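Results of the structural survey
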Amino acid sequence: MTPEQLLQQDKNLVWHPYAAMGAGPVFPVVSAKGVRLTLADGRELIDGMASWWCAIHGYNHPRLNQAVEDQLADMAHVMFGGLTHEPAVRLARQLVELTPAPLEKVFFADSGSVAVEVAMKMAIQYWQSQGQSRQHFLTVRNGYHGDTFGAMSVCDPVTGMHSLFQDSLTQQFFAPAPATAFGQACTDEDIAQFRQLMENHHEDIAAVILEPIVQGAGGMRFYSADYLHRVRALCNEHDVLLILDEIATGFGRTGKLFACEHAAISPDILCLGKALTGGYMTLAATLTTEKVSAAIANHPPGVFMHGPTFMANPLACSLASASISLLLESPWQQNLTRLQEKLETGLAPCREHPGVREVRVLGAIGVVELKQAADMNRLQPAFVEQGVWVRPFGKLVYLMPPFIMNDDDLEALCAAVVQVVHQHT
Ligand SMILES: *Cc1c(COP(=O)(O)O)cnc(C)c1O
């Protein structure tokens, strides 16, 4: 297939994320290695997106490739009902060791959204086991938790991408998004409405669900660890479970292995995904405590009602194990500090531009928030012209590079952002 044929057939045949059929420019990729994507016309782009938070070790990594090949020689997949295998058990043990106590039971799901559905069902079943019917969730605005119906119901109801489905969704409780910035102490006022909703409705709330510290697709906002700390305290006070969605933040992205460590708290239920397999294939996990899992087991029907066809896929589990080992063997903390400093200095010139509202950086996340939504159909090709892969949405031009990116590439990536922001906003 020539690149022209590919693009023509792509336009006719396949949907792209959050897009109209056949609309907008897409670029054919033929390979990816390290931090570079190679396009069909031979151009190489420095990847600033890590394929949406996932490819933390870069592309085509020999250790990850080897993990897939080794596992492939044994088995690609077997059903997980009534069978088990070492890749799943090994990964579960690694996840339990890595995540904060007392998370010690693991459910493998096939995508982040499904991990969120699983978490919400766990919370509802937990309260059933306690003889209570709690069907609702409390969250904050500007959140993003996935595209399936349960997950959509806790995404931001207004700015979220899912206002279209509002009438089909369970109505949940929404507090304002945390206003206190990361690094600052949260005021009583900032959490007052959250507290009020908790006090008024706790008997109907199965769990609070939040993205800790970083609100990702809902606005790339970084909020106070103290706010999160107070949420944990309120959950304890009112006997409500806490679900943390670390699908975007897990595995080092914010400078801690898990973002909840910024607040020194742990959830009752934790969702992981995205970087879990180092960006190679889809896998997610929902972890919970002995308390929650035992309560569900001890109440009729005594089972947790979820079981994906590709649950604990051995290829994906083997990759995830290899990716975690690779991360832990690397000087990832030093690396994250380096990335944070480079993003800070590299993006700082954007602050001078009148079209820019704010520049913020946390860990390996750099955000340039514009005053007005950018025209994607102009911006996207402009970044490709600059030799980088950056995909803005709305007012947000953001970077989340693979952790292995060297200083020269980081500088080039940031310089391209500065250049495109100056020329096109
Ligand atoms: C991406 C994301 C999800 C959904 O994960 P999918 O694998 O796309 O279903 C859920 N929560 C957060 C915080 C995410 O960033």
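1. Regarding the state of the cysteines
Considering all chains together, one arrives at zero disulfides under this definition. Between Cys271, a cysteine without a disulfide, and Cys260, which holds the nearest cysteine sulfur, the sulfur-to-sulfur distance is 12 Å. Residue Cys271 is classed as buried on the basis of its relative accessible area of 0%.

2. Structural notes on helix α5 (residues 112-129)
Because each turn of an α-helix spans 3.6 residues, side chains separated by three or four positions end up pointing in the same direction. Between the first and last C-alpha of α5 there are 26 Å, a value that for 18 residues agrees with the 26 Å anticipated at 1.5 Å per step. Most of α5 sits inside the fold, with 16 of its 18 residues counted as buried. At the exit of α5 stands Gly131, carrying a positive phi of roughly 75°.

3. Considerations on the site of the ligand
Neighbouring the ligand are the residues Ser111, Gly112, Ser113, Tyr144, His145, Gly146, Glu211, Asp245, Ile247, Ala248 and Lys274. Between Gly112 and the ligand, the recorded distance is 2.8 Å, taken from a backbone N or O atom to an oxygen atom. Contacts to the ligand include Ser113, whose side-chain N or O atom sits 2.6 Å from an oxygen atom. Its free accessible area being 380 Å², the ligand has 82% of it covered by the protein chains. For the shell around the ligand, a count of residues per class yields three nonpolar, five polar and three charged.

4. A word on the environment of Gly366
Turning to its location among the elements, Gly366 is positioned in strand β14 (residues 365-370). On the accessibility criterion, Gly366 (1% relative accessible area) is buried. With 42 residues separating them in the primary sequence, Gly366 and Ile324 have C-alpha atoms 23 Å apart. Those residues in contact with Gly366, other than ones at most four positions away along the chain, are Leu343, Leu347, Arg360, Val361, Val397, Tyr398 and Leu399.

5. A short note on the pairing of strand β1 (residues 29-33)
Taken together, the four bridges between β1 and strand β2 (residues 36-39) define a ladder with antiparallel strand orientation. The residue bridging Lys33 from the neighbouring strand is Arg36, located in β2. With antiparallel pairing between neighbouring strands as the criterion, β1 and β2 make up a hairpin whose turn holds two residues, including Gly34 at a positive phi of roughly 60°.

6. Regarding the environment of Leu95
As for its position among the elements, Leu95 is in helix α4 (residues 86-98). Spatially, the C-alpha atom of Leu95 lies 9.6 Å from that of Leu272, the residues being 177 residues apart in sequence. Other than its neighbours up to four places away in sequence, Leu95 contacts Val106, Phe108, Phe251, Leu272, Leu276, Ala285, Leu287 and Ile324.

7. Brief notes about the sheet that holds strand β15 (residues 388-389)
The strand order across the open sheet formed by four strands is β1-β2-β3-β15, and the pairing between neighbours is mixed. Both outer strands of the open sheet, β1 and β15, are each paired with one neighbouring strand and no more.

8. Here we look at the pattern of salt bridges
Applying the stated criterion across every chain, the model contains 17 salt bridges. A salt bridge links Glu369 to Arg360; the shortest N-O distance between them is 2.8 Å. Owing to a relative accessible area of 10%, Arg360 belongs among the buried residues under this scheme.

9. Here we look at the domain arrangement of the chain
When the domains of the chain are assigned, the result is domain 1 (3-60 + 332-424) and domain 2 (74-329). Taking only C-alpha atoms, the centre of domain 1 and the centre of domain 2 are 27 Å apart. In this assembly, 25 residues from domain 1 lie in contact with 29 residues from domain 2. Summed over both sides, the interface of domain 1 with domain 2 buries roughly 2300 Å², with 71% coming from carbon and sulfur. The three residues of domain 1 that bury the most area against domain 2 are Trp53, Trp332 and Leu362, which together make up 34% of that side's buried surface. There are zero salt bridges connecting domain 1 and domain 2. Where domain 1 packs against domain 2, one counts nine residue pairs in polar contact (both at pLDDT 80 or more). Only α2 (50-53), α11 (332-347), β13 (356-362), β14 and β16 (396-399) provide two or more residues apiece to the side of domain 1 that touches domain 2. Each residue belonging to the side of domain 1 that touches domain 2 can be placed in one class, and the counts come to 20 nonpolar, four polar and one charged.

10. Observations concerning helix α7 (residues 192-201)
Among the residues of α7, those classed as buried are Phe194, Leu197 and Met198. Projected down its long axis, α7 carries its buried residues within an arc of 100°, all on one side. Exposed residues pointing more than 90 degrees away from the buried face of α7 are listed as Gln193 and Asn200. Where the residues of α7 are buried, they touch β5 (136-140), β6 (173-175), β7 (205-210) and α8 (225-238).

11. Brief notes about unusual backbone geometry
Ala101 connects to Pro102 through a cis peptide bond whose omega is 0°. Tracing the backbone shows Pro102 in the loop between α4 and β4 (103-109). For Asn60, which is not glycine, the phi torsion reads 60° and is therefore positive. By the secondary structure assignment, Asn60 is in the loop between α2 and α3 (62-74). A positive phi angle is found at Phe251, which is not glycine, with a value near 65°. Within the secondary structure layout, Phe251 lies in the loop between β10 (241-245) and β11 (269-272). Residue Phe251 is classed as buried on the basis of its relative accessible area of 2%.

12. Quick word on a nonpolar patch on the surface
Taken together, the side chains of Phe149, Leu164 and Phe165 define a hydrophobic patch exposed on the protein surface, amounting to about 340 Å² of accessible area. Counting through the fold element by element, Phe165 comes out in the loop between α6 (149-153) and β6.

Criteria and thresholds
Residues numbered from 1 in each chain as written. Predicted model: local features only at pLDDT ≥ 70, side-chain atom pairs only at ≥ 80, totals over all residues. Heavy atoms only, no water. Disulfide = S-S within 2.5 Å. Buried < 20%, exposed > 50% of the residue type's maximum accessible area, 1.4 Å probe, protein only. Helix = DSSP H or I, 4+ residues; strand = E, 2+ residues; numbered from the N terminus. Expected span 1.5 Å × (residues − 1). Near = heavy atom within 4 Å. Polar contact = N/O pair within 3.5 Å; in protein donor to acceptor, adjacent residues only side chain to side chain. Areas by Shrake-Rupley, 256 points an atom, 1.4 Å probe, with all protein chains shown as cover. Nonpolar A, V, L, I, M, F, W, Y, C, P; charged D, E, K, R; others polar. Contact = heavy atoms within 4.5 Å. Pairing = 2+ DSSP bridges. Salt bridge = Lys/Arg side-chain N within 4 Å of Asp/Glu carboxyl O. Domains from an automatic or database assignment. Buried area = accessible area lost by both parts, 1.4 Å probe. Arc of directions from axis to C-beta. Patch = residues over 30% accessible without salt bridge, like charges linked within 9 Å, V, L, I, M, F, W, Y side chains within 5 Å.

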